[in-house]
Amino acid sequence: MASSASISPALVTELSDVASQVVELCRKAGADAAEVLVRDGNELTAKVRLGEPELVQEAGSRALGLRVFKDGRRAVTYTSDLRTRSLESFAAETVALAELAEPDELNRLPDADELATDLPELDLYDDAVADVDAAWALRQCIAGEKAAMAHDARVTNSEGATWSRTLGAVAFANSAGFAGGYRGSYASYYVEPICDEPDPTNPKKRNGYWWTASRFLAELQDPEAVGVEAARRTVATLGSRKIPTGEVAVVFDPEVGRSLVGTLFGVANGSAFWRKSTYLLGREGTPVASELVTIVDDPLLPRGPGSRPFDGDGLATRKNVVVERGVLGPVLCDVYSARKLGRKSTGSAGRGIGGNPGPTTSNLIMQPGDVSRADLIRQTGRGLYVTSMMGFGFNPVTGDFSRGASGFWIEGGELTFPVSEITISLNFDDLLKRIDLVGNDLELRSSTAAPTFRVSSMMVAGSSE
Amino acid sequence: MPTAVPHNLAAPFLAGGENAIDAQIAQRLLSVALEAGGDYADLYFEYRVGADYVLEEEQVKTVGRGVTLGLGVRVTKGDATGYAYTEDLSWDRMAHAARTAGQIAAGTPPGTAHAPVSIDVAPVADHYPVARPSLTVPPADKLALLRAADRAARAADPRIIKVEASFTESLKEILVVSSDGRMVSDVLPIVRFGVRAVAEDGDKRQSGSSGGGGRMGLEYFVGEREAAAHGKEAARIAIGMLDAVDAPAGEMTVVLAPGDSGILLHEAVGHGLEADFNRKKTSNYTDQIGQVVASKLCTVVDDGTVTSSRGSINVDDEGNAPRRNVLIENGILVGYMHDRLSARHFGVAPSGNGRRESFRSMPLPRMTNTALLAGPHTHDEIVASVKRGVYAKRFSGGQVNISNGDFVFSLTESYLIEDGKLTAPLKGVNLIGNGPEVLREVDMLADDYLLSDGMWTCGKDGQSVPVGVATPTVRIAKITVGGTKA
């Protein structure tokens, strides 16, 4: 397999040079300080549906983001036009734009002694991912979808199988003296079967999915295994129904548990704190969850999907404990939010091409407990096992939480019939404190991850009988 | 004809530009795209200039600006699509993208298409005339709007402790050329204004938001009036929510306020009627044309031609004219929303719903402005008819499962209805229901049809496009309210 998609170390160096040159252009244009982010990357997506290719998308793109400071004022701009002549006028326009903003003395580059000096090698790029071509990716799709359809005759249709990869290089430089870059690869594979309800008068379909993803090709699950698991999960939802309104124990599958961990970050970061947009204000160092809950953010995991050698401010990254045995640690901060709170950054800045840095997560992981998933369900006896959630029902300022949900009813310590069209609600503060069982089944497939866990009681709204 | 664009904002691919694309170049590119045997190809050139302004802590913290330029090439062979794009409009890079997209047809029997012998420039209507183009107005005027909103929110109540106001504007120029010989261009302006306020009273805190805009210029704001009104409204909601009580849990009657409640339609029926899902038979509305899918009161349309609305288009992203498409008529399903691929599959004319987020993505059937038409009742009559229920006024968004039709939408401002009167404000809560089942429960519709202010964005397959929604006051006899109080 030959591919022109690969990202070479030389490209990272080239982009890093571009970033440094543009910092200089900004200084020449009159900026007091400047920061440049350059990204170059490419994507391949191959999709098969019912055995036939449905889509092959392949393309590369490059963009540059700029943040300049002048007299305590700042502007943030981006462009995909990286010709030298264009960049000169772009730098000058950005400096002029900064004059429209108002001075904010905290709004400046990190201090020189805060910047990263040694960048760790985190093993984030795999040549084998770059070598994949569309024909090979389509064959993977055909194999997984076929396995799903063959696994169970009740799989009657398919939303398809999709193999995707992204390859990228990031370079970052600022006038305080930082320059660095790195490259990364990421491949993912999804199979999405559909089942028709067997009752011909019921037009409802049931959809499901399973997936695998990694920065390294060899770490992906086999397409057949993904297809079979996708089929198993989808068929299990046939005949889903509502359950009566009432308070019950709720077990969260890792696929939804991880989104709750992400929800916690949304209220446990420096930006939400200085904006007073979180119910956790003033709660650092105090219990915010049950003692069974420990959550770490670790950007330094080799091959980790969310790993990075430096952050969006150019600071060294480090492992931070967000919640330790239920107690909220110092919240994750970028340089600006840390200054607003009168402290130092936790090295947690994220930075998009067109925006200011802000706190973000890397590999945010809820630590596993010691109960197997089967034991956790057995000990629950009776309750709701949630496999998916819908909607945006979370108010960060008050913690009010209400989401659509589907999953399975637990009776006699086992999963019984499938459930849908219900909501689960409880203030998030109580939800975290009511976590009374944590599974040992942690898998790091995505950058936010959790094991199976149980909340002792939540309000379920369903039918009125 | 669409709005004229000032010289300094003109797309480089338009006549006179640095990378001007004429019929001849387009034809050559289409030939390259089709050389491996594709059935059809199209080119989508896009140039987008945008800016944003954010005011926080009574200061303009950031001003931003961005420019994107690119070409997306699509080639189809049967139901298969090849897609590639480039940001570099040199001939070599464009031809490379065309060849890459064309590979979808490699190894298949020769296709039916040839690059067109002639390309005709198709005229388009103008559904969004602009009185005061936003990008060319000095930024100081826009900053004044942010300050007006900030002042109004703070003046509304001393308990307002934080205000954030933002303004975003963009101008998108597109040129679509297809192998069936159509060449069409459009200029799409859009502005969006938003205010968020946080109120604090003792240890209680709440927030409120208000926003709007559309395909227009600064005429959206009547002086600074509209800006201040959004500030005041955000403050009103934040303060009102300080007294919010726990929402009830279970099935009950819900009354939806006019306007933004159209989110319910968008989720409950809109997505399920996008024809790609029905072509693939993955929607619960598959093969339901001619069937009763809603109460007799319900007539639902999707209309891309509503003047200046956020979801309107002069031409869709495949070069077809938008229309007013009736989806449900007096409760009976009568039509889907199509892109080119699904229209061909169903043997109907394209409905003008082929939309994409940018040149980096292929078009899909998407909604434009989706509306439930007015009914015979009045707002007050509907509220008075409810013994105990929920009145839903503002929403943060919704989501639907296409396959089974279950949908949720999240209320950010709602009230308890007791004995026909609005009483306590309720904490944030979700409603959940099943599309056709909930629409069959619509038993009263008012005469106060209202188009939402331009603030909604719809996501599908990772692509975001601006949309509009509209409804009158609606009574749903029974739907599940996801509160915490039994």
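These numbers come from a predicted model, not from an experiment.

## Describing the interface of chain A and chain B
Contact with chain A, which involves 73 residues of that partner, is made by 77 residues of chain B. Interface of chain A and chain B: buried area, both sides summed, is about 5,900 Å²; carbon and sulfur atoms make up 48% of it. Contact with chain B buries area across many residues of chain A, yet Glu102, Met390 and Glu421 of chain A alone supply 11% of it, more than any other trio. Run the count over chain A and chain B and you get eleven salt bridges. Between arginine 147 of chain B and glutamate 102 of chain A there is a salt bridge whose closest N-O contact spans 3.3 Å. Here chain A is connected to chain B by 49 residue pairs in polar contact (both at pLDDT 80 or more). Per-element accounting of the side of chain A that touches chain B gives the leading share, ten residues, to strand 2 (residues 52–70) of chain A. Split by residue class, the side of chain A that touches chain B holds 25 nonpolar, 26 polar and 22 charged.

## A closer look at the domain arrangement of chain A
Residues and elements named next belong to chain A. Its domain assignment divides chain A into domain 1 (9–234) and domain 2 (238–259 + 368–461). Between the C-alpha centres of domain 1 and domain 2 the distance comes to 31 Å. Listed by partner, the interface residues are 15 residues for domain 1 and ten residues for domain 2. Surface buried jointly by domain 1 and domain 2 totals about 940 Å² across both partners, of which 46% is contributed by carbon and sulfur atoms. In terms of surface lost to domain 2, no three residues of domain 1 exceed Arg206, Trp211 and Arg233, which account for 47% of the buried area on that side.

## Focus: the packing of aromatic side chains
One pass over the full model with this rule turns up 22 aromatic pairs over all chains. Cluster of aromatic residues (ring-pair linked, three or more members): Tyr53, Phe167, Phe193, Tyr220 and Phe221 of chain B. For the cation-ring pair, arginine 241 of chain A lies above phenylalanine 417 of chain A, with the distance from its terminal atom to the ring centre recorded as 3.7 Å. Here the basic side chain of arginine 303 of chain A rests over the ring of phenylalanine 216 of chain A, its NZ or CZ set 3.4 Å away from the ring centre.

## A look at the sheet that holds strand 11 (residues 327–328) of chain A
The five strands lie next to each other as 11-10-9-14-19 (chain A), forming an open sheet whose pairing is mixed. Each of the sheet's edge strands pairs with one partner strand only, and the pair in question is strand 11 and strand 19 (448–449) of chain A.

## Overview of the domain arrangement of chain B
All names here are of chain B. Partitioning chain B into domains gives domain 1 (7–241) and domain 2 (249–482). Inter-centroid distance (C-alpha atoms) of domain 1 to domain 2 is 23 Å. Between domain 1 and domain 2, roughly 3,500 Å² of surface is buried when both sides are summed, and carbon and sulfur atoms account for 48% of that area. Taken together, the links from domain 1 to domain 2 amount to six salt bridges. Between arginine 74 and glutamate 318 there is a salt bridge whose closest N-O contact spans 2.8 Å. Between domain 1 and domain 2 we count 22 residue pairs in polar contact (both at pLDDT 80 or more) in total. Elements with a minimum of two residues in the side of domain 1 that touches domain 2: strand 1 (40–56), strand 2 (59–77), strand 3 (80–86), strand 5 (160–178), strand 6 (182–201), strand 7 (204–214) and helix 4 (225–241).

The rules behind the values
Residues numbered from 1 in each chain as written. Chains lettered and ligands numbered in written order. Predicted model: local features only at pLDDT ≥ 70, side-chain atom pairs only at ≥ 80, totals over all residues. Heavy atoms only, no water. Contact = heavy atoms within 4.5 Å. Buried area = accessible area lost by both parts, 1.4 Å probe. Salt bridge = Lys/Arg side-chain N within 4 Å of Asp/Glu carboxyl O. Polar contact = N/O pair within 3.5 Å; in protein donor to acceptor, adjacent residues only side chain to side chain. Helix = DSSP H or I, 4+ residues; strand = E, 2+ residues; numbered from the N terminus. Nonpolar A, V, L, I, M, F, W, Y, C, P; charged D, E, K, R; others polar. Domains from an automatic or database assignment. Phe/Tyr/Trp six-rings, centres within 6.5 Å; stacked < 30°, edge-to-face > 60°. Lys NZ or Arg CZ within 6 Å of the ring centre and 35° of its normal. Pairing = 2+ DSSP bridges.

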